[in-house]
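This is what each chain is made of:
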Amino acid sequence: MSDSTATGAKVRVLIGKPGLDGHDRGAKYVAHILRDAGFEVIYTGIRRTPEQIVDAAIQEDVKMIGLSLLSGAHNTLFKRVLDLLKEKGAEDIIVFGGGTIPPDDVPGLEAMGIKAVFGPGTPAKEIVDTLNSCLA
Amino acid sequence: MTNDLIQLVDIALKDGPISVRAAGRLMSLMEDQPWRLPELFHAWAAVRQGREDELSEQIPMPRLFLGITGAPGSGKSTMTDALVGEYREKHPDKKVGVIAVDPSSPFTGGSVLGDRVRMMRHATDSNVFIRSLSARGHLGGLTLGVKGVARVMGLIGCDVVIIETVGVGQSEVEVTQVADLVTVVLAPGQGDSIQMLKAGLMEIADLYVINKMDREGSAQLHTQLLSSLNLSFDKKEVTDVQLVSATDKTNIDQLVDLLDKRTSEQSSDWPALREKRMYADVSESVLDQARMLLAGELRTNPDLTKQIIEGTVTVHDVAQVLLEKACDSTQEV
Ligand code: B12
Ligand SMILES: Nc1nc2c(ncn2[C@@H]2O[C@H](COP(=O)(O)OP(=O)(O)OP(=O)(O)O)[C@@H](O)[C@H]2O)c(=O)[nH]1
Ligand SMILES: [Mg+2]
């Protein structure tokens, strides 16, 4: 579950939208369902740079970063986030993504280090279960 | 990243991005295990042993712990963002810390921490450290981890630490226990002169900010507040009132000047106050640990209470056992 220790500490997740993409329904939806699943969700808003997302994630010491993108620029922007995390000694933070990502792109994203990708219509339970299994 | 407190303090006091990571992790430890706060002092002393020429004897303290409180949506985060921007301009080589608390769900314990959305332009400024905290069920406007996180902010050299409470009602006034100065943010449309009369929130301000001065009703609110303040007859200190617009950044420079002025006027009183609080925090942590130890003992040995009642075991015996366990657990740390 999202309780990481016996002390009632919570799992902290940052939800970010990199690039010039204004579609924020999906990101807010995910923030909401994760909240309801007991996570502590740091929402950072739309049109952020990968640098802003990574720096925020490190200060917030999150376990996971969720990137939401419906603009089509996921291949470059997700890669940039992963590169920055490595550069800053934070490659142990788990990164997953969602949005309108063509199924053909998913293997490539996973190969570069994105833990899981969730496309349009993914049920809430599937998202929560996958995240929890990443923590186990 | 390690979870060893001494190593983390050591790394947090070095240069480069990894120090930010360590500071973030230290804050998580303070948040998840607030009772470990006293270990921070010990870690500082241990790290300092090899680095005396570099580090001060005591954990460095910010010049100002600034509390910002007020009703939900009054503009606390937007104003914090504006303040950080103005501070960074006025004191370019100084570091600013922000601790922003948002509420947790009473049903699931989860939360959405959204204060940071308003402050994202500072995310890549290495002289700004922003940390969002969930209330984690704690009532009062803050959360248990705030004190430790604030200490870590001091440790990494923040000159000013801004503490934003959750959106409060009238009786969550805990921020007065951690802040040197408390700012209450008001916005038009949230009540009239009757609200001004009420106890609680309206009594704790060192400084009132009327935000959203770009909105209708702010001038009227200003007048009401001033006349209400005139009614107090035994006010020990002056209460300033500043009209601002956080979104338009109107009068934010005046607000920062006012805060700097108040800080230099009052800060001579703060070391004693802070020391008193530090003692209280430490004894609270010690008691918390004792309580946890006792709870653990009662869990593993449920007959203990019964044995005490029957007279076969004395409280003194139990205390002896607990004390030995406490000694063991400190050696592990
Ligand atoms: C609603 C919508 C809009 C709304 C957005 C409202 C808003 N504030 O979000 C409006 C009308 C403003 C809009 C505008 C535009 N849109 Co539009 N829009 C859509 C539409 C129809 C639905 C998106 C949506 O909200 N879905 C509902 C949410 C809940 O689903 P979701 O975001 O996919 O999220 C789910 C999963 O993907 C996943 N998920 C998503 N993010 C994350 C993150 C994490 C961490 C996790 C775990 C999971 C996860 O979980 C969710 C639940 O299953 C899509 C088409 C489509 N079918 O997707 C086009 C679409 C995204 N839009 C598109 C375009 C082109 C535009 C415009 C450029 C159009 C224009 N020429 O002006 C503008 C640009 C807007 C901008 N500023 O960026 C294209 C994008 C094409 C591309 N990728 O190359 C799409 C795909 C339509 C299309 N087929 O062409 N749009
Ligand atoms: N017109 C106007 N709107 C403002 C001003 N300051 C903040 N707002 C808006 O008020 C809303 C709430 O602002 P926040 O800064 O999130 O308020 P908050 O007090 O931090 O809210 P909580 O943390 O949820 O209690 C946002 O839509 C802001 O854009 C202002 O000076 N003028
Ligand atoms: Mg806020």
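Values in this document were obtained by computation on a predicted structure and should not be read as measured data.

Describing the overall build of chain B
Then, number 1: When you go through chain B residue by residue, the secondary structure sums to 11 helices and 8 strands.
Then, number 2: Rg of the C-alpha trace for chain B: 22 Å, near the compact-globule value of 20 Å for 333 residues, within the 12% margin.
Then, number 3: Dimensions of chain B, computed from C-alpha atoms along their principal axes, come out at roughly 70 × 50 × 40 Å.
Then, number 4: By residue count, 49% of the 333 residues in chain B fall in the buried class.
Then, number 5: When contacts within chain B are restricted to residue pairs at least 6 apart in sequence, those whose partners lie at least 24 apart make up 74%.

Concerning the coordination of the magnesium ion (ligand 3)
Residue and element names in this part refer to chain B.
Then, number 1: Here the magnesium ion (ligand 3) is held by the protein donor atoms Ser 77 (OG), Asp 115 (OD) and Glu 164 (OE), which lie 2.0 to 2.2 Å from it.
Then, number 2: Taken in sequence order, the residues that donate to the magnesium ion (ligand 3) follow the motif S-x37-D-x48-E. Residue Ser 77 is found in helix α4 (residues 76-90), and its partner Glu 164 is found in strand β5 (residues 158-164); the two are separated by 87 residues along the sequence.
Then, number 3: Overall, Ser 77 belongs to the buried group, its relative accessible area being 6%.

Brief notes about the coordination of the cobalt atom of ligand 1
Then, number 1: Of the protein atoms, His 23 of chain A (NE2) alone serves as a donor to the cobalt atom of ligand 1, at 2.1 Å.
Then, number 2: Here His 23 of chain A lies in the loop between β1 (12-16) and α1 (25-36).

So, empty space enclosed by the protein
All names here are of chain B.
Then, number 1: A complete count under the given rule lists 1 cavity of 30 Å³ or more for this structure.
Then, number 2: Empty space within the largest cavity amounts to approximately 140 Å³.
Then, number 3: For the largest cavity, the full set of lining residues is Phe 65, Val 146, Lys 147, Ala 150, Arg 151, Ile 163, Gln 177, Val 178, Arg 274, Arg 277 and Asp 281.
Then, number 4: Secondary-structure elements contributing two or more residues to the lining of the largest cavity are α5 (146-155) and α9 (270-300).
Then, number 5: At 4 residues, α5 tops the list of elements feeding residues into the lining of the largest cavity.
Then, number 6: For the lining of the largest cavity, a count of residues per class yields 5 nonpolar, 1 polar and 5 charged.

Observations concerning the nonpolar core
Then, number 1: Counting 56 residues, the largest nonpolar core has Leu 26, Leu 40, Ile 99, Leu 155, Tyr 208 and Leu 225 of chain B as the members making the most contacts within it.
Then, number 2: Sequence-distant contacts of Leu 155 of chain B, defined by excluding residues within four places in its chain, comprise Val 9, Ala 12, Leu 13, Leu 26, Leu 40, Trp 44, Ile 59 and Pro 60 of chain B.

A word on the sheet that holds strand β6 (residues 181-186) of chain B
Residues and elements named next belong to chain B.
Then, number 1: Strand order in the open sheet formed by 7 strands is β4-β2-β5-β1-β6-β7-β8, with parallel pairing between adjacent strands. For this open sheet the edge positions go to β4 (128-134) and β8 (240-243), each flanked by a neighbour on one side alone. The average undirected angle you get between the axes of adjacent strands in this sheet is 20°.
Then, number 2: Of the pairings in the sheet, the one linking β6 to strand β7 (residues 207-210) comprises 4 bridges and is parallel in character. Each residue of the ladder has a partner; that of Val 184, found in β7, is Tyr 208.

Some details on the domain arrangement of chain B
All names here are of chain B.
Then, number 1: When its domains are assigned, chain B resolves into domain 1 (59-267) and domain 2 (273-332).
Then, number 2: Here domain 1 and domain 2 have C-alpha centroids that lie 37 Å from each other.
Then, number 3: In this complex, domain 1 contributes 12 residues to the contact, which on the side of domain 2 involves 5 residues.
Then, number 4: Buried area between domain 1 and domain 2, summed over both chains or domains, comes out near 650 Å², and the portion from carbon and sulfur atoms is 34%.
Then, number 5: Counting across the interface, domain 1 meets domain 2 through 3 salt bridges.
Then, number 6: Across the salt bridge formed by Arg 151 and Asp 281, the nearest N and O atoms sit 3.9 Å from each other.

Description of the interface of chain B and chain A
Then, number 1: Counting residues at the interface gives 32 residues for chain B, matched by 29 residues for chain A.
Then, number 2: The contact between chain B and chain A buries some 2600 Å² in all, and 50% of this surface belongs to carbon and sulfur atoms.
Then, number 3: Put simply, chain B and chain A have 5 salt bridges between them.
Then, number 4: Of all the secondary structure elements, the ones that give two or more residues to the side of chain B that touches chain A are α2 (17-32), β3 (111-113) and β4 of chain B.
Then, number 5: Of the residues contributing to the side of chain B that touches chain A, the split by class is 14 nonpolar, 10 polar and 8 charged.
Then, number 6: In this sheet, β3 of chain B lies alongside strand β2 (residues 40-43) of chain A in parallel orientation, the contact comprising 3 bridges. Along β3 of chain B, the bridge assignment pairs Ile 42 of chain A with Leu 113 of chain B.

Brief notes about the site of ligand 2
Residue and element names in this part refer to chain B.
Then, number 1: Lys 76, Ser 77, Thr 78, Arg 118 and Asp 214 are the nearest of the 20 residues found near ligand 2.
Then, number 2: Thr 247 is positioned with one of its side-chain polar atoms (N or O) 3.0 Å from a nitrogen atom of ligand 2.
Then, number 3: Protein burial of ligand 2: of its 650 Å² of free accessible surface, 78% is covered by the chains.
Then, number 4: Here the shell around ligand 2 is built from residues that sort into 3 nonpolar, 9 polar and 8 charged.

What counts as what
Counting from 1, residues in each chain are numbered in the order their sequence is written. Lettering for chains starts from A, numbering for ligands starts from 1, and both go in the order in which the items are written. With the structure being a predicted model, the display of local features is reserved for residues of pLDDT at least 70 and the display and counting of side-chain atom pairs for 80 or more, all residues being used for whole-chain, interface and lining totals. Side-chain descriptors were evaluated using all non-hydrogen atoms of the structure, hydrogens and water having been removed beforehand. Numbering of helices and strands starts at the N terminus; helices are DSSP runs of H or I of at least 4 residues and strands are runs of E of at least 2. Radius of gyration here uses only the C-alpha atoms, and the compact-globule reference equals 2.2 Å multiplied by the residue count raised to the power 0.38. Exposure classes here rest on a 1.4 Å probe applied to the protein chains alone. A residue is buried below 20% of its type maximum, exposed above 50%, and partly exposed in between. We call two residues in contact whenever any of their non-hydrogen atoms come within 4.5 Å of each other. Nitrogen, oxygen and sulfur within 2.8 Å of a metal are treated as its donors, or within 3.2 Å for sodium, potassium and calcium (Na, K, Ca); water is not counted, so a site can appear incomplete. Grid points spaced at 1 Å over the protein atoms alone were grouped into cavities, where a 1.4 Å probe fits but cannot get out, and pockets, open sets with protein on both sides within 12 Å along at least five of seven lines, with lining residues defined by an atom within 4 Å of a point. Grid points are joined across faces, edges and corners, and a volume is the space filled by probe spheres set on the points. All amino acids are sorted into three groups, where Ala, Val, Leu, Ile, Met, Phe, Trp, Tyr, Cys and Pro are nonpolar, Asp, Glu, Lys and Arg are charged, and the leftover types, Gly among them, are polar. We call a set of buried residues a nonpolar core when its members are Ala, Val, Leu, Ile, Met, Phe, Trp, Tyr or Cys and they connect through side-chain atoms within 4.5 Å of each other. Two strands form a pair only when DSSP identifies at least two bridges running between them. The axes used here are C-alpha line fits, helices contributing only the stretch in contact, and every angle between their N-to-C directions lies in the interval 0 to 180 degrees. Here the bounds of each domain stem from an automatic or database domain assignment. Accessible area that two parts lose when put together, with a 1.4 Å probe and added across both, is what the buried area reports. Here a salt bridge means any side-chain nitrogen of Lys or Arg lying within 4 Å of a carboxyl oxygen belonging to Asp or Glu. Throughout, near means a residue has at least one heavy atom within 4 Å of the molecule or strand. Polar contacts, as used here, are pairs of N or O atoms within 3.5 Å; protein pairs need one atom able to donate a hydrogen and one able to accept it. Residues neighboring in sequence count only if both atoms are side-chain atoms. The accessible surface values rely on the Shrake-Rupley method and a 1.4 Å probe; as for residues, cover is taken only from the protein chains in view.

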